[in-house]
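# What the coordinates show
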Amino acid sequence: MTLQRQVGFWIGGVIVLALLLYVLRGILLPFIAGLALAYFLDPVVSRLERVRVPRAVGALVVIGTSVVALVAIAIVMLPVLTNQLTAFVARLPSYVIQLQALITEQNREWLQRIFGDRLPDVSRPVTDLVAQSTGWIAGVIQGLWTGGTTFLYLFGILVITPVVAFYLLKDWPRMMLKIESWLPLHQKETILGLMREMNVAMAGFVRGQATVCVILMIYYGAALPGAGLNFGLLIGITTGFLAFIPYVGAITGLTLAVGVAIVQFWPDWTLVMVILGIFAAGMFIEAYVLYPGLVGESVGLHPVWIMFALFSFGALFGFAGLLLAVPLAASIGVLARFAIRHYLASPLYTGAPRQHPATPPEA
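Residues numbered from 1 in each chain as written. Predicted model: local features only at pLDDT ≥ 70, side-chain atom pairs only at ≥ 80, totals over all residues. Heavy atoms only, no water.

### Regarding helix α11 (residues 303-317)
What counts, and what does not: Where helices and strands are cited, they refer to DSSP runs of H or I of at least four residues and of E of at least two residues respectively, numbered from the N terminus. To estimate how far a helix should extend, the number of its residues minus one is multiplied by 1.5 Å. Classification of residues uses two cut-offs on accessible area relative to the type maximum, computed with a 1.4 Å probe and protein chains only: under 20% is buried, over 50% is exposed, and between them is partly exposed. Arc definition: directions from the helix axis to the C-beta atoms.
For α11, spanning 15 residues, the distance from its first C-alpha to its last is 21 Å, which sits close to the expected 21 Å at 1.5 Å a residue. Within the span of α11, buried status applies to I306, A309, L310, F313, G314 and F317. The buried residues of α11 occupy an angular sector of 115 degrees when the element is viewed end-on, so they sit on one face. Those residues of α11 that are exposed and angled more than 90 degrees off the buried face are V304, F308, F311 and A315.

### Let's talk about the pattern of salt bridges
So the rule is basically this: Any Lys or Arg side-chain nitrogen found within 4 Å of a carboxyl oxygen on Asp or Glu counts as a salt bridge.
The full count for this structure, using the stated rule, is six salt bridges. Ionic pairing is found between R337 and E197, a salt bridge with its closest N-O pair at 4.0 Å. Of this pair, R337 sits in helix α12 (residues 319-344) while E197 sits in helix α7 (residues 188-226), and the two are 140 residues apart along the sequence. Assessed through its relative accessible area of 27%, E197 is described here as partly exposed. When salt bridges that share partners are traced, they join D42, E49 and R55 into one network.

### With respect to the nonpolar core
For clarity, the threshold we go by: We call a set of buried residues a nonpolar core when its members are Ala, Val, Leu, Ile, Met, Phe, Trp, Tyr or Cys and they connect through side-chain atoms within 4.5 Å of each other. Residue contacts are counted whenever heavy atoms from the two residues lie within 4.5 Å of one another.
Formed by 41 residues in total, the largest nonpolar core has its most connected members in L224, L229, I235, I275, I278 and L310. When residues of this core are traced back to their parent elements, those giving at least two are α3 (55-106), α7, α8 (232-241), α9 (248-265), α10 (269-295), α11 and α12. With sequence-adjacent residues up to four places away left out, I235 is seen in contact with L224, L229, N230, G253, L256, A257 and V260. With 20 residues, the next largest nonpolar core counts A38, A165, F166 and A330 among its residues.

### Considering a nonpolar patch on the surface
Here is the rule we go by: Nonpolar side chains (Val, Leu, Ile, Met, Phe, Trp, Tyr) within 5 Å and like charges within 9 Å form the patches, drawn only from residues with over 30% relative accessible area and no salt bridge. What sets the accessible areas is the Shrake-Rupley method with a 1.4 Å probe; for residues, cover comes only from the shown protein chains.
A grouping of V16, L20, Y22, V23, L24, I27 and L316 is seen on the molecular surface, where their side chains present a nonpolar patch of about 660 Å² in accessible area. By residue number, the principal contributor to the nonpolar patch is helix α1 (residues 3-23), which donates four residues. One can find L20 in helix α1. Accessibility expressed as a relative area gives 48% for L20, which makes it partly exposed.

### Looking at unusual backbone geometry
Residue R52 is not a glycine yet carries a positive backbone phi of 70 degrees. One can find R52 in the loop between α2 (29-50) and α3. Positioned with a positive phi, F231 is a non-glycine residue whose angle comes to about 60 degrees. Judged by its relative accessible area of 8%, F231 falls in the buried class.

### As for the environment of Y39
As for its placement among the helices and strands, Y39 is situated in helix α2. Owing to a relative accessible area of 12%, Y39 belongs among the buried residues under this scheme. Residues Y39 and L168, 129 residues apart in the sequence, show an inter-C-alpha distance of 8.6 Å. In contact with Y39, not counting residues within four places along its chain, are W172, N199, M202, A203, V206 and R207.

### Some details on the environment of L29
Secondary-structure assignment places L29 in helix α2. When the C-alpha atoms of L29 and G318 are compared, they prove to be 8.7 Å apart, with 289 residues separating the residues in sequence.

### Focus: the side chain of E286
By secondary structure assignment, the location of E286 is in helix α10. Once you skip the residues sitting within four places of it in the chain, E286 turns out to touch V212, L216, A243, Y291 and P292.

### Details of the packing of α9 against α10
For clarity, the threshold we go by: Axis definition: a line fit to C-alpha positions, over the contact stretch in the case of helices; interaxial angles, taken between N-to-C directions, run 0 to 180 degrees. Any angle between 65 and 115 degrees counts as roughly perpendicular, while under 35 counts as roughly parallel, over 145 as roughly antiparallel, and the rest as oblique. Whether a crossing is left-handed or right-handed is set by the direction in which the near helix is turned from the far one by less than a right angle, anticlockwise for left-handed and clockwise for right-handed.
Taken N-terminus to C-terminus, the directions of α9 and α10 make an angle of 165 degrees; their axes are 9 Å apart at the nearest point. Classed by the angle they form, the pair α9 and α10 counts as roughly antiparallel. Two packed elements cross with a definite hand, and for α9 against α10 that hand is right-handed. Where α9 abuts α10, its residues A250, G253, L254, A257, V258, A261, I262 and F265 lie against L271, V272, I275, L276, F279 and M283.

### Considering the packing of aromatic side chains
The description of an aromatic ring pair rests on the distance of the ring centres and on the angle between the ring planes. Convention followed: Side-chain rings of Phe, Tyr and Trp, where Trp is taken by its six-membered ring, are said to pair if the distance between their centres is within 6.5 Å; with planes under 30 degrees apart they count as stacked, over 60 as edge-to-face, and otherwise as tilted.
Scanning all chains against the criterion turns up nine aromatic pairs. Taken together, a centroid distance of 5.0 Å and an interplanar angle of 65 degrees make the contact between Y219 and Y220 edge-to-face. Judged by its relative accessible area of 26%, Y219 is partly exposed. Ring centres 5.8 Å apart and planes at 20 degrees place the aromatic pair W305 and F308 in the stacked group. With a gap of three residues between them, W305 and F308 both fall in helix α11, about one helical turn apart. Chaining the aromatic ring pairs together yields one cluster made of F88, Y95 and F231.

### Let's talk about the environment of I27
Relative to the elements of secondary structure, I27 occurs in the loop between α1 and α2. Using a relative accessible area of 53% as the deciding quantity, one classes I27 as exposed. Separated by 293 residues in the primary sequence, I27 and A320 place their C-alpha atoms 9.0 Å from one another.

### Looking at the confidence of the model for the protein chain
Where the model shows low pLDDT, its predicted coordinates should not be examined in detail. Counted only if it meets this: Confidence scores labelled pLDDT are given residue by residue by the predictor and lie between 0 and 100.
Mean pLDDT over the protein chain works out to 78, with 78% of the residues at or above the 70 mark. Of all secondary-structure elements in the protein chain, the lowest mean pLDDT belongs to helix α4 (residues 108-115), at 49, while α8 reaches the highest, 92. For residues 144-148, every residue scores under 50 in pLDDT, and the model assigns this stretch two contacts once sequence neighbours within four places are set aside.

What follows is the structure in structure tokens.
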């Protein structure tokens, strides 16, 4: 098979796979979540296997323990978070109005220098906008809980995802050997090298960043309520959860927490500074302790590329796309670096003429 046919074959395979994912995007979430869970827990099962625990038993123990822990956390935390979310949405318009009043009253003299005596009254437009946004958010939340698809999603995540993860964990080595046996023999080592590089990149982000998110959820979820901040648990867990998007989690959490703190503690700036200190410490720990230690430089993905992948795959495939975004972006990054290395070594870049095999002398 010529090089052109090989390239066409792999490009066609990628296009077919992308089309299948797009067509089946409505039912993919439990299966992709199961794959992500299996990938995350595979090192634990492999470690149990090395101490002579049968892989099926190890997979069953790890999956069972994880499911019990997640269900227990959900039973304890979900009612509290739901109540805080409902109360926060209800009080959001008054928070915005109070913040606006504080800003305009404290800076009225400075604003009048700019606008003169006709200082614009933006309270009504802001109030109307916040009321409309709050109504839209409440409608979306109500629609999610009352829609029929919500039950299917919950059923799939709670039932199908653990089953898929168990079978993937149990058969993981056998699946890898089977996939390896399908590889073209003359390109097997090159493809295996690329697969190992992809695994390092994906493991560095998926397992490392998930651990970072959990640690940050615990830190902010404990520190903000401990400082007496209203809705501190909701804001803290949201901040940690969004930490998988570079900078978005910290900026979102900081904005919400400081806004609530100013309205709640005004005119006591000491407690507002405490909230700022909590986020400053959290950002320092994330940037200089957690991220270098748990994620490191093995991912090889720029934050802008990660954000683009998350938003683009999320727009195409929904929440399932968010789970696929970083692994696929890491894989594309590995392939792109491989192609660039070959391009830099090729005559197309160097300008050196291609070496042709010498023709045998005529008899």
